[in-house]
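Now for the letters of each chain:
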Amino acid sequence: MSSWKDQQVLIVGGGIGGLAAALALARKGIASQVIEQASELKEIGAGIQLGPNVFRMFEVLNLIEPINALAVFPNNLIMMDSITGEEVTRIPLGTAFRRKFQHPYALIHRADLHKVLLDACVTSNLIHLDASQKVVKVDETKDGITARTESGKDYRGAALIGADGLWSTIRQIVVGDGKPKPAGHITYRAVLPAAEIPEQYRWRDMAFWAGEKVHFVLYPLRTGNLFNLVAVFHSDRYEEGWDSFGDPAELHERFAKTCEPVRLLLNKIESWRMWVLCDRPPIKEWSRGRITLLGDAAHPMLQYLAQGACMSVEDAVCLADKVVAAGGDYAAAFRAYQQARYLRTGRVQIMARIYGEFYHASGVAKELRNMMLSSRTPEGAMAGMEWLYGEQKELTSAA
Ligand SMILES: Cc1cc2nc3c(=O)[nH]c(=O)nc-3n(C[C@H](O)[C@H](O)[C@H](O)COP(=O)(O)OP(=O)(O)OC[C@H]3O[C@@H](n4cnc5c(N)ncnc54)[C@H](O)[C@@H]3O)c2cc1C
């Protein structure tokens, strides 16, 4: 006997959010069609940090084992002052952290995270994946959705999820609020073999040097065989898009005042890739009828809380739960989903901006920051993370 679950949901975008959505729906017995514009379903880029909150979602999606096999579990989160090089604060991520949040903090290569999701999708007979199809038009009727791609192919589904990222086409159809806002911050990223990192910096920590108007991050990936390097600085230069090669001269100029370890590490890198950071102010409504948004398309955020991907996976789990609770009434489900999510994702969007200010502070603000953070106990620091890493009622019910 056929059920509403057999009528597929269209998912535009096969990034971390889109694949997580397909898996979360499949877990509830709902079929989906992922439509990706790139010629191959894969992630480029560098490392990604995973908070304990997303591990709760991996548990729901049955992904803990493959993620654990590929992730590095750092011993500490460490912040240093980028001018003096002195340690400002250290949060141990061992037993007490895991006991409090029930899950670990981890570091993983983006390509590895994406592959774990993709492998799980490929083994599901409820998920269909198409690459090289860019969705350009969406039509909604009383009982379904048609998505048309640039090559003229039409996909039919019961509903549509726009998981098409920061520059979302679907967002323009649903919300229509133009382009995202450049933050005036530029990120350069590189991944180096461990052998190229001086031995004293080959730590098993997520460490960064903060301020002034810059910060620099160093952490291990792939059992410590690789190191992820991220340099962020304020700049008015603006180029649309994610993945261009950077101008090392500008990078070195912006970091000229930083301490020796940071300059030494910057000098190790010959080829950097550059990202112009953008976000949007939070919104309350990102659904229209049978169409909704997820991940960066719904709530793009700066990376300073390392949560964009984590939030997209939380969205996916919540959304699938609401679809089932609404018995396949997609319009009702999507309203319930955005209602359940907007305050949490909005809080992360806002707090990520504030953290950006904090990391890049100078003058009195920097002194105050260092004073406040260095006087915190690990327990105090963890209490401050409860809102982000602690259990979420809306999401626990989905498990
Ligand atoms: C420098 C930096 C560091 C970060 N660090 C972290 C971190 O440590 N932890 C963390 O959780 N997050 C981090 N993030 C955020 C994270 O990368 C994003 O939030 C996450 O990738 C969003 O996933 P998504 O699936 O919503 O969008 P995307 O990953 O952008 O995927 C969107 C997909 O949709 C496809 N697409 C777009 N338009 C169309 C169309 N019209 N038709 C078909 N397909 C389309 C794209 O090709 C792409 O594959 C960081 C971001 C940056 C910039």
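Located above this text is the structure these notes cover.
What this report covers is the structure whose coordinates are included nearby.

1. As for the pattern of salt bridges
Using the criterion set out here, one finds 19 salt bridges in the structure. Linking Arg110 and Glu43 is a salt bridge whose minimum nitrogen-to-oxygen distance equals 3.5 Å. Here Arg110 is found in helix H5 (residues 110-122), whereas its partner Glu43 is found in the loop between strand E2 (32-35) and strand E3 (47-50), with 67 residues between them in sequence. Both residues of the pair, Arg110 and Glu43, count as buried.

2. Here's the deal with helix H11 (residues 363-374)
Along its 12 residues, H11 runs 17 Å from first to last C-alpha, staying within 8% of the 16 Å computed at 1.5 Å per residue. Packing partners of the buried residues in H11 comprise strand E4 (76-81), strand E5 (87-92), strand E13 (206-210) and helix H10 (330-359).

3. Thoughts on the layout of surface pockets
Volume-wise, the second largest pocket comes out at about 190 Å³. Every residue along the wall of the second largest pocket is listed here: Leu23, Ala26, Arg27, Leu61, Asn62, Leu63, Pro66, Val116, Asp119, Ala120, Thr123 and Ser124. Among the secondary structure elements, those contributing two or more residues to the lining of the second largest pocket are helix H1 (16-27) and H5. Grouping the amino acids of the lining of the second largest pocket by side-chain chemistry returns seven nonpolar, three polar and two charged.

4. Considering unusual backbone geometry
In this structure, the amide linkage connecting Gly211 to the following residue, Glu212, adopts the cis form with an omega of -10°. Within the secondary structure, Glu212 is located in the loop between E13 and strand E14 (214-221). Here Gln102, not a glycine, exhibits a phi torsion of approximately 65°, which is positive. Within the secondary structure layout, Gln102 lies in the loop between helix H4 (95-101) and strand E6 (106-109). The class for Gln102 is partly exposed, based on a relative accessible area of 46%. In this model, Thr223 sits at a positive phi of 55°, which is unusual for a non-glycine residue. By the element assignment, Thr223 lies in the loop between E14 and strand E15 (226-234). On the basis of relative accessible area, Thr223 is assigned to the exposed category, the value being 55%.

5. What about empty space enclosed by the protein?
Over the atoms rolls a probe the size of a water molecule, and in doing so it shows where empty space is left. This structure, assessed with the given rule, holds one cavity of 30 Å³ or more. In this structure, the largest cavity spans a volume of roughly 30 Å³. Lining the largest cavity we find Asn53, Arg56, Met57, Glu314, Arg344, Gly390, Gln392 and Leu395. When residues in the lining of the largest cavity are grouped by element, the largest group, three residues, is from helix H2 (residues 52-60).

6. Here's the deal with the site of the ligand
Residues in contact with the ligand amount to 31 residues; listed here are only the nearest, Gly17, Glu36, Gln49, Arg110 and Asp296. One of the backbone N or O atoms of Gln37 is found 3.1 Å from a nitrogen atom in the ligand. Taking Ala309, its main chain carries an N or O atom lying 3.0 Å from an oxygen atom of the ligand. Here the ligand has 1,000 Å² of accessible area as a free molecule, and 89% of this is covered by the chains. Contributions of two or more residues to the shell around the ligand are made by H1, E3, strand E12 (181-193) and helix H9 (308-325). Grouping the amino acids of the shell around the ligand by side-chain chemistry returns 11 nonpolar, 13 polar and seven charged.

Rules used throughout
Residues numbered from 1 in each chain as written. Predicted model: local features only at pLDDT ≥ 70, side-chain atom pairs only at ≥ 80, totals over all residues. Heavy atoms only, no water. Salt bridge = Lys/Arg side-chain N within 4 Å of Asp/Glu carboxyl O. Helix = DSSP H or I, 4+ residues; strand = E, 2+ residues; numbered from the N terminus. Buried < 20%, exposed > 50% of the residue type's maximum accessible area, 1.4 Å probe, protein only. Expected span 1.5 Å × (residues − 1). Contact = heavy atoms within 4.5 Å. 1 Å grid on protein atoms, 1.4 Å probe; cavity = no way out; pocket = protein on both sides within 12 Å on 5 of 7 lines; lining within 4 Å. Points joined across faces, edges and corners; volume = space filled by probe spheres on them. Nonpolar A, V, L, I, M, F, W, Y, C, P; charged D, E, K, R; others polar. Near = heavy atom within 4 Å. Polar contact = N/O pair within 3.5 Å; in protein donor to acceptor, adjacent residues only side chain to side chain. Areas by Shrake-Rupley, 256 points an atom, 1.4 Å probe, with all protein chains shown as cover.

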